[in-house]
Amino acid sequence: MATRENFIARYPANNIDESNISAENMDAAFSMILKLYYKLLDGPLCGQDLACFRKLVKSFEVRKLIYSQYSADWKIPDNASYDNYESYLVFGLCLAEQYEHTKCTKYLSCLLKLDDTLISIQSKLSIRQRRCLSEILLKELAFVRDLAEQMGIEGV
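We now turn to the structure provided with this report. All of these numbers come straight from a predicted model, not from anything done at the bench.

1. Some points on the state of the cysteines
Step number 1: Inspection of the entire model under this criterion finds zero disulfides.
Step number 2: This cysteine, C94, is not joined by any disulfide, and C52 carries the nearest cysteine sulfur, 9.7 Å off.

Here it is in structure tokens:
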């Protein structure tokens, strides 16, 4: 956790809202993730939105990448890229929101992996993106501490 706390200290968190999310590199996956995020602001995902989100979670857990596009059966087209870091950030927000709504640890687990991925490529992120990542990391740390407290684990 020290690495995350050091990152947060170096890049003070921005409160994330529409003005912090850059849509300049809008691709199909980013558009889908952004729509899911806006729905999550009103409550937990359900129905087809939840099914789509679960497929995205599964895809990320297997590949550790978010691609610019997916086919209808979630295969990766040959021309798909994976370097739209806005997609990763908004996906992190989605994971945090869905975890907050449901307390399903699968989403927290995926968030931990996503945050590890983003920290490992932090040099490729803009300062704005790093500050958004700090906000996501603050949420992650709070979730882990709350979960540890509920389980009677001290020192987290």
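After that view, the rundown keeps rolling.
2. Considering the packing of helix α3 (residues 47-63) against helix α5 (residues 105-120)
Step number 1: Direction vectors running N to C along α3 and α5 enclose 50 degrees, while the axes themselves pass 10 Å from each other. The orientation of α3 with respect to α5, classified from their angle, is oblique. Once α3 is placed against α5, the crossing between them reads as left-handed. Of α5, the residues touching α3 (which contributes L50, F53, R54, V57, F60 and E61) are K106, Y107, S109, C110, K113, L114 and T117.
Step number 2: For the contact of α3 with α5, the per-class residue count stands at seven nonpolar, two polar and four charged.

3. Comments concerning the environment of V144
Step number 1: As for its placement among the helices and strands, V144 is situated in helix α6 (residues 127-150).
Step number 2: Overall, V144 belongs to the buried group, its relative accessible area being 16%.

4. What to know about the nonpolar core
Step number 1: If you look at the biggest cluster of nonpolar residues, it comprises 49 residues, and the most contacted ones within it are F53, F91 and L95.
Step number 2: Those elements giving two or more residues to this core turn out to be α1 (2-10), α2 (28-40), α3, α4 (85-102), α5 and α6.
Step number 3: Among the elements that make up this core, the one with the highest residue count is α4 (10 residues).

5. A word on α6
Think of an α-helix as 3.6 residues a turn; residues three or four steps apart then line up on the same face.
Step number 1: Compared with an ideal rise of 1.5 Å per residue, which puts 24 residues at 34 Å, α6 spans 35 Å between its outermost C-alpha atoms and is within 8% of the ideal.
Step number 2: Once α6 ends, the next one or two residues include G152, with phi positive near 75 degrees.

6. Digging into the packing of aromatic side chains
Step number 1: Enumeration over the complete set of coordinates arrives at 10 aromatic pairs.
Step number 2: Here the aromatic rings of F7 and Y11 are separated by 5.1 Å at their centres, their planes lie at 45 degrees, and the arrangement is tilted. This pair shows no difference in class: F7 is buried, exactly as Y11 is.

What counts, and where the lines are drawn
Residues numbered from 1 in each chain as written. Predicted model: local features only at pLDDT ≥ 70, side-chain atom pairs only at ≥ 80, totals over all residues. Heavy atoms only, no water. Disulfide = S-S within 2.5 Å. Axes fitted to C-alpha atoms, helices over the stretch in contact; angles between N-to-C directions. Helix = DSSP H or I, 4+ residues; strand = E, 2+ residues; numbered from the N terminus. Parallel < 35°, antiparallel > 145°, perpendicular 65-115°, else oblique. Left-handed = near helix turned anticlockwise from the far one by under 90°. Contact = heavy atoms within 4.5 Å. Nonpolar A, V, L, I, M, F, W, Y, C, P; charged D, E, K, R; others polar. Buried < 20%, exposed > 50% of the residue type's maximum accessible area, 1.4 Å probe, protein only. Core = buried A, V, L, I, M, F, W, Y, C linked by side-chain atoms within 4.5 Å. Expected span 1.5 Å × (residues − 1). Phe/Tyr/Trp six-rings, centres within 6.5 Å; stacked < 30°, edge-to-face > 60°.

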